[in-house]
Amino acid sequence: MIKFGGFDKDGQALHIACVTHRYSDLPMKGLGKSMESVGMDEPVIIPQSATLEGVTWGYTEAEIERRAYELKAEVKWMELPPQNAADERKVQMWFHNGG
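Residues numbered from 1 in each chain as written. Predicted model: local features only at pLDDT ≥ 70, side-chain atom pairs only at ≥ 80, totals over all residues. Heavy atoms only, no water.

## Concerning the overall build of the protein
Part 1 of the reasoning: Looking only at helices and strands, one finds two helices and eight strands in the protein.
Part 2 of the reasoning: Along the protein, helices (α) and strands (β) appear in the sequence β-β-β-β-β-β-α-α-β-β when read from the amino end.
Part 3 of the reasoning: The long-range share in the protein, meaning contacts at least 24 apart out of those at least 6 apart in sequence, stands at 51%.
Part 4 of the reasoning: For the protein, the accessible area works out to roughly 6,500 Å², and carbon and sulfur atoms hold 56% of it. (Helix = DSSP H or I, 4+ residues; strand = E, 2+ residues; numbered from the N terminus. Contact = heavy atoms within 4.5 Å. Areas by Shrake-Rupley, 256 points an atom, 1.4 Å probe, with all protein chains shown as cover.)

## Focus: the pattern of salt bridges
Proximity of charged atoms lets side chains of opposite charge pair with each other.
Part 1 of the reasoning: Tallied over the full model, the rule gives ten salt bridges.
Part 2 of the reasoning: Salt-bridge contacts for Asp25 lead to Arg22; the nearest nitrogen and oxygen are separated by 3.8 Å.
Part 3 of the reasoning: Looking at Arg22, the relative accessible area reads 52%, which means it is exposed.
Part 4 of the reasoning: The salt bridge involving Glu63 is made with Lys29; its shortest N-O contact spans 3.4 Å. With a gap of 34 residues between them, Glu63 in helix H2 (residues 54-71) and Lys29 in strand S4 (residues 28-29) connect regions that are remote in the sequence.
Part 5 of the reasoning: Residue classification places Lys29 among the partly exposed residues on the basis of a relative accessible area of 38%.
Part 6 of the reasoning: Members of the salt-bridge network, linked through shared partners, are Lys29, Glu36, Glu63, Arg66, Arg67 and Glu70. (Salt bridge = Lys/Arg side-chain N within 4 Å of Asp/Glu carboxyl O. Buried < 20%, exposed > 50% of the residue type's maximum accessible area, 1.4 Å probe, protein only.)

## Quick look at the pairing of strand S6 (residues 44-47)
Strand residues, when the strand is regular, have side chains that alternate between the two faces of the sheet.
Part 1 of the reasoning: Relative to S6, strand S3 (residues 21-22) runs parallel, the two being bridged by two bridges. Opposite Arg22, over in S6, you have Ile45 as the bridge partner.
Part 2 of the reasoning: Sheet topology places S6 next to strand S8 (residues 90-96); four bridges connect them, and they run antiparallel. Bridge pairing in S8 places Pro47 opposite Lys90. (Pairing = 2+ DSSP bridges.)

## Here we look at H2
Given 3.6 residues to a turn, an α-helix orients residues that are three or four positions apart in the same direction.
Part 1 of the reasoning: The end-to-end C-alpha distance of H2, which contains 18 residues, comes to 26 Å, matching closely the 26 Å that a straight helix rising 1.5 Å per residue would cover.
Part 2 of the reasoning: Residues of H2 that are buried: Trp57, Thr60, Glu63, Ile64, Arg67 and Ala68. The buried residues of H2 occupy one face: seen down the axis, they fall within an arc of 140°. Relative to its buried face, H2 has exposed residues pointing more than 90 degrees away, namely Gly54, Val55, Glu65 and Tyr69.
Part 3 of the reasoning: Lys72 lies just past H2 and shows a positive phi near 55°. (Expected span 1.5 Å × (residues − 1). Arc of directions from axis to C-beta.)

## Description of the pairing of S8
Part 1 of the reasoning: In this sheet, S8 lies alongside strand S7 (residues 74-80) in antiparallel orientation, the contact comprising seven bridges. Bridge pairing in S8 links Val75 to Phe95.

## Quick word on the nonpolar core
The tendency in soluble globular proteins is for nonpolar side chains to be buried side by side.
Part 1 of the reasoning: Counting residues in hydrophobic clusters, the biggest one holds 13 residues, and the most contacted among them are Met35, Val44, Ile46, Met93 and Phe95.
Part 2 of the reasoning: Taken together, the elements giving at least two residues each to this core come down to S6, H2 and S8.
Part 3 of the reasoning: If one sorts the elements of this core by residue count, H2 sits on top with three residues.
Part 4 of the reasoning: Apart from residues lying up to four places away in sequence, Val44 is in contact with His21, Tyr23, Leu26, Val38, Val91, Gln92 and Met93. (Core = buried A, V, L, I, M, F, W, Y, C linked by side-chain atoms within 4.5 Å.)

As structure tokens, this is what we get:
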């Protein structure tokens, strides 16, 4: 994901590459994945299989909502197209402040 970073002294738009997080790399927080390291407009790539992990996913959803409240942000979701036919379905989640 690329973020708009304002304009330089010549009036050219600055684009900043932001951090992308993989769900599997996020540390555990209790029974779910921690969102502490995820900032505004930093996508988290989540495989569909992670959403099927009943208890872990339930606690992770609560952690997503907690982090959104902390950041005063909305949670945005987008399904990602598969890279190939054998690729697992994935979604991208990020915190966004539209204000």
